[in-house]
Amino acid sequence: MGSGNGTAVTEFVLLGFSGFGPLRGPLFWGVLCIYLVTLLGNSLIILLTLADPALHLPMYFFLRHFSTVEILYTTTVVPRMLADLLASCPTISSASCFTQLYFFALFGIAECCLLTAMAYDRYAAICRPLHYTTLMNQEACVSMAGASYLMGIITGTTHSLFIFTLPFRGANTIHHFLCDILPALRLASASTFWGEVGNLAVTIAFILTPFLLIVASYACILATLLGVTTSQGRRKVFSTCSSHLFVVILFFGTGTVAYMRPWAGSSQDMDQILALFYTVVTPVFNPFVYTLRNREVTGAMRRLVKKYLWSP
């Protein structure tokens, strides 16, 4: 561990939960329970969308990929967090730190892009129903999903390579529970100007821009909704979008606040609270929102239970 100004850092100390004291035990069990529910809930969505032919639609194709990325995204952070909650002095090697940063960026950006693809699917279904099968054919869906992963890989690679090439000497204490971009940049021994610029550029390109595209899609959907004459028709149109819209608000709301705030005035405690929310709490809402508020998914669940558990 780098103790002198000229010594290269080989380990980082994660102080994210150092001030929690006796609350670390309850927090461990709380995070563990949420994590297990996240794994089970999203795995159930993946199983349902694969097993039930009624869910072999573009909307559920993207939902399956989104649930897969949710599992990978939260697994990048939570197991390490649980181990650190039990450790007296949690440390992480520089290689492990940069690896976590890479996958955290990869899956986070992939989620943003998948949510955008899901919004476009809803736009095509509601605003251009006669062209829906053409716009959302299998090739188009696979291409959009592949592009989502590609954008994540490009972002993760760019960030991790840039930060990995920075010199880290002396200071090795990260005031966070994970190796995120800004906490890592704070420890660099060289100028981080281009790192901050790159972080802002990625935020605009892959968080703000997808969010604006989603807003544009829902503006078109709202215009179509206002043109529906019956209240029953409006409810039917809105019900197909409400689950996705709720997840979008949760995900992009916390992400935008976390990464678009000015660095100079940012609070490290606030960084940790926001990160805890979008890495642990937000992923657990996805299966509940899409199972409790979606009739097709709940119907698929009943058919699956009846077929395998209650069959004579």
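Residues numbered from 1 in each chain as written. Predicted model: local features only at pLDDT ≥ 70, side-chain atom pairs only at ≥ 80, totals over all residues. Heavy atoms only, no water.

Short version of the rule: UniProt positions are given in the numbering used here, feature names are shortened, and annotations may be inferred rather than shown by experiment.
As recorded in an unreviewed UniProt entry, the protein chain goes by the name Olfactory receptor, listed as coming from Panthera pardus. Listed under Function (unreviewed entry) in UniProt, the entry text for the protein chain is "Putative odorant or sperm cell receptor." Taken from UniProt, the Sequence similarities (unreviewed entry) comment for the protein chain reads in full: "Belongs to the G-protein coupled receptor 1 family."

## Topic: the side chain of Thr 155
Worth spelling out the cut-off: The helix count covers DSSP runs of H or I at least four residues long, the strand count covers runs of E at least two residues long, and both are numbered beginning at the N terminus. Throughout this description, buried means an accessible area under 20% of the type-specific maximum (1.4 Å probe, protein chains only), exposed means over 50%, and partly exposed covers the range between. Contacts are assigned to residue pairs with any non-hydrogen atoms lying within 4.5 Å of each other.
With respect to the helices and strands, Thr 155 occurs in helix α5 (residues 138-165). For Thr 155, a relative accessible area of 3% translates into the label buried. Ignoring any residue separated from it by four or fewer positions in sequence, one finds Thr 155 in contact with Ile 109, Val 202 and Phe 206.

## Points about the sheet that holds strand β1 (residues 11-14)
Here is the rule: One bridge is not enough; two strands pair if DSSP finds at least two bridges between them. Angles run from 0 to 180 degrees between N-to-C directions of axes, and those axes are lines fitted to C-alpha atoms, restricted for helices to the stretch in contact.
Judged by pairing direction, the sheet is mixed, and its 3 strands sit side by side in the order β2-β1-β3 without closing on themselves. Of all the strands in the sheet, just β2 (91-93) and β3 (173-174) have a single pairing partner and so form its edges. As judged from the 2 bridges shared by β1 and β3, these two strands associate in the parallel manner. Of the residues in β3, the one forming a bridge with Val 13 is Thr 173. The strands that helix α3 (residues 94-127) touches are β1, β2 and β3; relative to β2, the one it contacts most, it runs at about 85°.

## Considerations on the state of the cysteines
As a reminder, the rule being used: For this text, the term disulfide refers to a pair of cysteine sulfurs within 2.5 Å.
Tallied over the entire structure, the rule returns 1 disulfide. Put simply, Cys 97 and Cys 179 are joined by a disulfide, and their sulfur atoms are 2.1 Å apart. Between Cys 97 and Cys 179, the disulfide has an S-S torsion of -120° and is therefore left-handed. Linking Cys 97 in helix α3 with Cys 179 in the loop between β3 and α6 (181-186), this pair joins segments that are 82 residues apart in sequence. Here Cys 97 falls in the buried class, since its relative accessible area comes to 1%.

## A look at the UniProt feature "transmembrane region" (unreviewed entry) in the protein chain
Mapped onto the present numbering, the UniProt feature "transmembrane region" (unreviewed entry) falls at residues 27-50, 62-82, 102-120, 141-164, 200-225, 237-260 and 272-292. Counting secondary structure, residues 62-82 comes out at 100% helix and 0% strand; the distance between its end C-alpha atoms is 30 Å. Between the end C-alpha atoms of residues 102-120 there is a gap of 27 Å, over a span that is 100% helix and 0% strand.

## Regarding the packing of helix α2 (residues 58-86) against α5
Defined as follows: Here roughly perpendicular refers to angles of 65 to 115 degrees, roughly parallel to angles under 35, roughly antiparallel to angles over 145, and oblique to all remaining angles. The handedness criterion is simple: a crossing whose near helix is rotated anticlockwise from the far helix by less than a right angle is left-handed, and one whose near helix is rotated clockwise is right-handed. The residue classification treats Ala, Val, Leu, Ile, Met, Phe, Trp, Tyr, Cys and Pro as nonpolar and Asp, Glu, Lys and Arg as charged. All others, Gly included, are polar.
Following both chains from N to C, one finds α2 and α5 inclined at 20°, their axes separated by 10 Å at the closest point. Here α2 lies roughly parallel to α5, going by the angle between them. Considering how the two elements wind past one another, α2 and α5 form a crossing that is right-handed. Of α5, the residues touching α2 (which contributes Pro 58, Phe 61, Phe 62, His 65 and Val 69) are Cys 141, Val 142, Met 144, Ala 145 and Tyr 149. Along the lines of polarity and charge, the residues of the contact of α2 with α5 split into 9 nonpolar, 1 polar and no charged.

## Some thoughts on the pattern of salt bridges
For clarity, the cut-off: Salt-bridge detection follows one rule: a side-chain nitrogen of Lys or Arg within 4 Å of a carboxyl oxygen of Asp or Glu.
Evaluated as defined, the whole model comprises 3 salt bridges. Note that Asp 52 and Arg 303 form a salt bridge whose closest N and O atoms lie 2.9 Å from each other. With Asp 52 in the loop between α1 (24-51) and α2 and Arg 303 in helix α10 (residues 295-308), the pair connects residues that are 251 residues apart, well separated along the chain. Look at Asp 52 and you get buried, because its relative accessible area is 9%. Note that Asp 121 and Arg 122 form a salt bridge whose closest N and O atoms lie 2.8 Å from each other. Judged on exposure class, the residue Asp 121 and its partner Arg 122 are both buried.

## Quick notes on the packing of α1 against α2
When two helices pack together, their arrangement is given by the angle between their axes and by how far apart the axes lie. Relative orientation of the contacting elements α1 and α2 amounts to 160°, with a least axis distance of 9 Å. The orientation of α1 relative to α2 falls into the category roughly antiparallel. In this structure, α1 crosses over α2, and the sense of that crossing is left-handed. Split by residue class, the contact of α1 with α2 holds 18 nonpolar, 8 polar and 4 charged.

## So, the nonpolar core
The condition that has to hold: For this analysis, a nonpolar core means a set of buried residues of the types Ala, Val, Leu, Ile, Met, Phe, Trp, Tyr and Cys, connected via side-chain atoms within 4.5 Å.
Core analysis: the biggest nonpolar cluster contains 57 residues, and Phe 62, Leu 115 and Phe 252 have the highest contact counts within it. Counting residues per element, the ones that place at least two in this core are α1, α2, α3, α5, α7 (193-226), α8 (231-260), α9 (268-292) and α10. Per-element accounting of this core gives the leading share, 13 residues, to α2. Ignoring any residue separated from it by four or fewer positions in sequence, one finds Phe 252 in contact with Cys 112, Leu 115, Ile 207, Pro 210, Phe 211 and Ile 214. Counting 18 residues, the second-largest nonpolar core is a separate cluster that includes Cys 97, Phe 98, Leu 101 and Cys 179.

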